[in-house]
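Structural characterization, general
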Amino acid sequence: MASSPELPSVAADNHPRLGWIGLGSMGLAMALNLQSHVSRIGAPSLRFYNRTEARGESIREIGGVQSTSVQDVIASVDICFMSVSDENVVNSIISSILGIPAHQLLGKIIVDTSTIHPDTSSWAQRHLSEKGVSFIAAPVFGASPVAREGKLLFVVAGADKAVKAIEPFLDGVMARKTLYVGTDAAQASLLKTTGNFITGGMMELISEAHVFAEKSGIGNEALESLIEHQYGALPFAMSKRITGGHYLPAKGERPWSDLQLAQKDMKLGVDYAEKVGTSLLIADVVINHYGEASRYGEENKRALDSSSMYGVLRSHAGLEFESDRVKKRDNTDIQ
């Protein structure tokens, strides 16, 4: 592991210049919280870039400054966060940064909150370090409502000095808690991949239980009460996502956690498990159900949430993909 570069002198005054790249549902929520924070403390405005400029309107309204390119953001800031859909986009952004002359990069910090393959994090950390840039892998746990509340769980790995420099912008700003897992960026991505496997497996289990409750006559309400009082906050939140109809968002609404990204994330886990000589059998089940849900979404022109295996399991049990709650919300006939 290469030694960490010196941080820029501007960071020493407690007001480093911050940047953001990527304004999907998660990125926009985090960037809004970060801009609100720097406004409160009198720090320089957040510089941000997104391929679709209109996504930045709400940040501009509260003082953020829109940039025209990735290179423009990087040139203007000391610390740049990014939140993008997959490693192909991460590769493109990092490659673009690597094209900037080294003397313009020395001491900068790149913080990637995306969920990507651990090998991609290692590649980014290695090549950016050669240019004097600190790379921090900082993937997050939590759906978009949690991001809006500033209560994400961050898993962070990178050079100690760089991690120390970003701490003021995590807990209490975008995060409810930060887990530090060392200097090797791949470890943060690997822990996130493992956590996604657990989350997907739990959602599968809770979805199956709800379908069983409906078919057996127990009922969703009784089951949800049991989940709340016996199994804790996270399974209860997953249950509410199902019974609240969020597994199938209303037409035109974004899902809390996009199905396509969830498919990608689960496959990362399966691929890495094969690499180290083990298997994630439950992940295979989840991926198959995600595939069926994806086909439903394509056929019906609907965006689906990562909890949409519930609709698939309903169909397997002879029920309709759309629950009564979804039909009532969408004003369709309840059979």
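Keep in mind it's a predicted model, so treat the numbers as computed, not measured.

**Section: the packing of helix H5 (residues 118-130) against helix H8 (residues 185-216)**
At a minimum axis distance of 8 Å, the contact between H5 and H8 shows a crossing angle of 160°. Of the possible angle classes, the one that applies to H5 and H8 is roughly antiparallel. The interaxial crossing formed by H5 with H8 has right-handed handedness. Contacts between H5 and H8 involve Pro 118, Ser 121, Ser 122 and Gln 125 on the former and, on the latter, Ala 185, Ala 186, Ser 189, Leu 190 and Thr 193. Across the contact of H5 with H8, the residue classes break down as four nonpolar, five polar and no charged.

**With respect to the nonpolar core**
Grouped burial of nonpolar side chains is what soluble globular proteins tend to show. With 35 residues, the main nonpolar core has Trp 20, Leu 34, Ile 79, Phe 81, Ile 136, Phe 154 and Met 174 as its most contacted residues. Broken down by secondary-structure element, the contributors of at least two residues to this core are strand S1 (18-21), helix H1 (25-41), strand S4 (79-82), strand S5 (109-112), strand S8 (152-156) and helix H7 (160-166). Among the elements that line this core, the one with the most residues is H1, at seven residues. Core analysis: the second largest hydrophobic core is formed by 28 residues, Ile 21, Val 73, Leu 128 and Ala 185 among them.

**What to know about the UniProt feature "domain: 6-phosphogluconate dehydrogenase NADP-binding" (unreviewed entry) in the protein chain**
According to UniProt, the "domain: 6-phosphogluconate dehydrogenase NADP-binding" (unreviewed entry) feature falls on residues 18-182. In residues 18-182, the share of helix is 40% and the share of strand is 21%. The end C-alpha atoms are 23 Å apart.

**Quick notes on the pairing of S5**
Because side chains alternate across S5, one face comprises the buried residues Ile 109 and Val 111, and the other comprises Ile 110 and Asp 112, equally buried. Pairing analysis gives four bridges linking S4 to S5, with the strands arranged parallel. By the bridge assignment for S5, Phe 81 is matched with Val 111. On the question of chirality, the crossover connecting S4 to the parallel S5 by way of helix H4 (residues 87-98) is right-handed. When S5 meets strand S6 (residues 134-137), the two strands line up parallel, connected through four bridges. Note on S6: the bridge partner recorded for Asp 112 is Ala 137.

**A look at the UniProt feature "active site" (unreviewed entry) in the protein chain**
The feature "active site" (unreviewed entry), as annotated in UniProt, sits at Lys 192 in this numbering. Note on placement: Lys 192 falls in helix H8. Given the relative accessible area of 5%, Lys 192 is considered buried. Those residues in contact with Lys 192, other than ones at most four positions away along the chain, are Thr 115, Pro 139, Val 140 and Phe 141.

**What about the packing of aromatic side chains?**
Per the counting criterion, the structure on display carries four aromatic pairs. An angle of 40° between the planes, with centres 6.2 Å apart, marks the rings of Tyr 247 and Phe 321 as tilted. Taken together, the residues span a long stretch of sequence, with Tyr 247 in the loop between helix H10 (233-243) and helix H11 (259-275) and Phe 321 in the loop between helix H13 (309-316) and helix H14 (324-330) at a distance of 74 residues. Judged on exposure class, the residue Tyr 247 and its partner Phe 321 are both buried. Consider the rings of Tyr 296 and Phe 321, whose centres lie 3.6 Å apart with planes at 5°: the pair is stacked. One end of the pair, Tyr 296, is in helix H12 (residues 281-300); the other, Phe 321, is in the loop between H13 and H14, with 25 residues separating them in the sequence. Exposure remark for Phe 321: the relative accessible area of 7% places this residue in the buried category.

Reading the values: the criteria
Residues numbered from 1 in each chain as written. Predicted model: local features only at pLDDT ≥ 70, side-chain atom pairs only at ≥ 80, totals over all residues. Heavy atoms only, no water. Axes fitted to C-alpha atoms, helices over the stretch in contact; angles between N-to-C directions. Helix = DSSP H or I, 4+ residues; strand = E, 2+ residues; numbered from the N terminus. Parallel < 35°, antiparallel > 145°, perpendicular 65-115°, else oblique. Left-handed = near helix turned anticlockwise from the far one by under 90°. Contact = heavy atoms within 4.5 Å. Nonpolar A, V, L, I, M, F, W, Y, C, P; charged D, E, K, R; others polar. Core = buried A, V, L, I, M, F, W, Y, C linked by side-chain atoms within 4.5 Å. Buried < 20%, exposed > 50% of the residue type's maximum accessible area, 1.4 Å probe, protein only. UniProt positions renumbered as here; feature names shortened; annotations may be inferred. Pairing = 2+ DSSP bridges. Right-handed = clockwise from strand over helix to strand, strands pointing away. Phe/Tyr/Trp six-rings, centres within 6.5 Å; stacked < 30°, edge-to-face > 60°.

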